[in-house]
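Structural overview for review
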Amino acid sequence: MITKEDVAVYTKVFLYLVLFFSIARCIFNLYVVFANSGYIDFQIYHIFTSIVAKGVNPFDPQIHVILGGAQQAPNYPPLFFILMRPAILAPLESASLVWLVLNQIFTFGSFALILRLTATKLTLASITLIVFAMANFYPLHDTNWLGQMNTLILFLLTLSLVLFKKKHILLAAIIVALVVHTKIQFALFLPVFFLVGYKRLALNTTFFTLIGWVISYLVLGREHNMAYLQYILHFPKELLNWPANISIVANISRFFDNDFVANILTVVVFLLLIILFLKILPWKATHSQAGWVWYITIVAVLIFSPLLEIHHFTVALLPIFLLAFSNKKELVSKKFYAVILAISVFMLGNLYYVSPDPVNVHGIMTLPLAVRLLGLFGLIWLFPRNAMVKSIKK
């Protein structure tokens, strides 16, 4: 007969096995990136930061001729290329390795801050859960492989949340503004701050975001800034047809051959989603409840973004671990919630990616690309059922 002591021992051994296998997987993943990756996205940052530093407009139609080949559009706010200038002080290869190291620091820093946010002790279970996520959450590996910015954004968003809960509103506002100038879709935080009653944070964030635009205008000039604005207002159609783009709007666009029908359906879906988010948004949140404001805003950013790739889901680790560590008792008592959370994390973070022939990614063939989005809807479903959010509603 198996006793409670036996179960405790077996559980501990199992956790140690998961921990050690996960550590080995983390080391192997980093070795693979170090040995084989071309850090494609970081190359783009480095190249465009270099040409912008020389006074060249990255949206110049002749940019492909200037660079001697095809390059991805520089779809980053102008201030980003000013903030990235320290990266071009070193050759591309050296800068890429430094960036890989920094990505690991940002990742560990994010999890350390999440543990602090949720008052979670460093136990075998919590450490194993974090290391398991680092080893198996594919968007994190994809971020390292590409040399992407997502771990930095995850760290900055987590840091801004910590600072805001500690009532360092000015610092929190500066950091959120930096995130907006790294990836423009996070500007969604500004109206959300107003809606939930964080008016001082909203005003300060808006102010520092505007300061960032002024700096980029003065340093880079009118042409670059206006070209970026045009890029945002007229989102390139080719990015909607790109198979790596798994956003809602891209999937709808690829599913229907008729642009008019696709546009109408996109508007209808987005209106319904806006109503849903407004309904579940915590309207009168206190400082201590700020985590749930960050939670739902990050999920909303991923839902509404017109350009969404697998590596972008790295920032979803903040809402995932806020939910997992802040609601341990509820997840244990209501096992169905735990199952939904596990399925959601799997959908967002699994390794498998259907990559069909780009020419044939239309109609029903686009549906396999959309499956991963179910993880976001799982997080949305769990949000209003969260005990902390229920207390805000009351």
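These lines cover the structure that appears in this document, whether it is placed above or below. Predicted model, so just to flag it, every value in this text is computed and none were measured.

Let us now look at the overall build of the protein. Along the backbone of the protein there are 22 helices and zero strands. Of all 394 residues assigned to the protein, the portion counted as buried reaches 51%. Relative to all contacts within the protein whose residues are 6 or more apart in sequence, the contacts with residues 24 or more apart total 78%.

Taken as a whole, the second largest pocket encloses approximately 410 Å³ of empty space. Lining of the second largest pocket is provided by 22 residues; of these, Asn75, Ile184, Gln185, Phe235 and Leu307 occupy positions nearest its centre. When residues of the lining of the second largest pocket are traced back to their parent elements, those giving at least two are α2 (40–53) and α12 (222–233). No other element matches α12, which puts four residues into the lining of the second largest pocket. Of the residues that constitute the lining of the second largest pocket, the class distribution is 11 nonpolar, eight polar and three charged.

Among the nonpolar cores identified, the biggest contains 108 residues, and Met149, Tyr198, Leu201, Trp294, Tyr295 and Phe321 are the most heavily contacted of them. In terms of residues, this core owes the most to one element, helix α16 (residues 290–304), which gives 12 residues. The residues contacting Met149, other than those within four sequence positions of it, are Tyr45, Tyr76, Phe80, Met84, Trp99, Thr182 and Lys183. Membership of the second largest hydrophobic core comes to five residues, among which are Phe59, Ala227, Tyr228 and Leu239.

Attention shifts here to the side chain of Asn225. Take Asn225: it is sitting in helix α12. Separated by 2.9 Å, the side chains of Asn225 and Ser216 make a polar contact. When neighbours within four sequence positions are excluded, Asn225 is seen to be in contact with Pro78, Trp213, Ser216, Tyr217 and Leu220.

Right, let's talk about empty space enclosed by the protein for a bit. Per the stated rule, a full pass over the model turns up two cavities of 30 Å³ or more. Lining the largest cavity, in full, are Asn150, Lys183, Gln185, Phe186, Val301, Leu302, Ser305, Leu307, Leu308, His312 and Val315. Partitioning the lining of the largest cavity into residue classes produces six nonpolar, four polar and one charged.

The subject of this paragraph is the environment of Val293. Its location among the elements puts Val293 in helix α16. We classify Val293 as buried; its relative accessible area is 0%. Linking Val293 and Pro319, residues 26 residues apart in sequence, is a C-alpha distance of 9.8 Å. Among residues more than four places away in sequence, those in contact with Val293 are Val192, Val196, Tyr198, Pro282 and Ala285.

The subject of this paragraph is the packing of helix α5 (residues 92–117) against helix α8 (residues 150–165). At a closest axis distance of 8 Å, the pairing of α5 and α8 adopts a crossing angle of 30°. Taken together, the axis directions place α5 and α8 in an arrangement best described as roughly parallel. Handedness of the α5/α8 crossing: left-handed. On α8, the residues touching Trp99, Asn103, Phe106, Thr107, Gly109, Ser110, Leu113, Ile114 and Leu117 of α5 are Thr151, Leu152, Leu154, Phe155, Thr158, Leu159, Leu161, Val162 and Lys165. Of the residues belonging to the contact of α5 with α8, the class tally is 11 nonpolar, six polar and one charged.

Cut-offs and rules
- Residues numbered from 1 in each chain as written.
- Predicted model: local features only at pLDDT ≥ 70, side-chain atom pairs only at ≥ 80, totals over all residues.
- Heavy atoms only, no water.
- Helix = DSSP H or I, 4+ residues; strand = E, 2+ residues; numbered from the N terminus.
- Buried < 20%, exposed > 50% of the residue type's maximum accessible area, 1.4 Å probe, protein only.
- Contact = heavy atoms within 4.5 Å.
- 1 Å grid on protein atoms, 1.4 Å probe; cavity = no way out; pocket = protein on both sides within 12 Å on 5 of 7 lines; lining within 4 Å.
- Points joined across faces, edges and corners; volume = space filled by probe spheres on them.
- Nonpolar A, V, L, I, M, F, W, Y, C, P; charged D, E, K, R; others polar.
- Core = buried A, V, L, I, M, F, W, Y, C linked by side-chain atoms within 4.5 Å.
- Polar contact = N/O pair within 3.5 Å; in protein donor to acceptor, adjacent residues only side chain to side chain.
- Axes fitted to C-alpha atoms, helices over the stretch in contact; angles between N-to-C directions.
- Parallel < 35°, antiparallel > 145°, perpendicular 65-115°, else oblique.
- Left-handed = near helix turned anticlockwise from the far one by under 90°.

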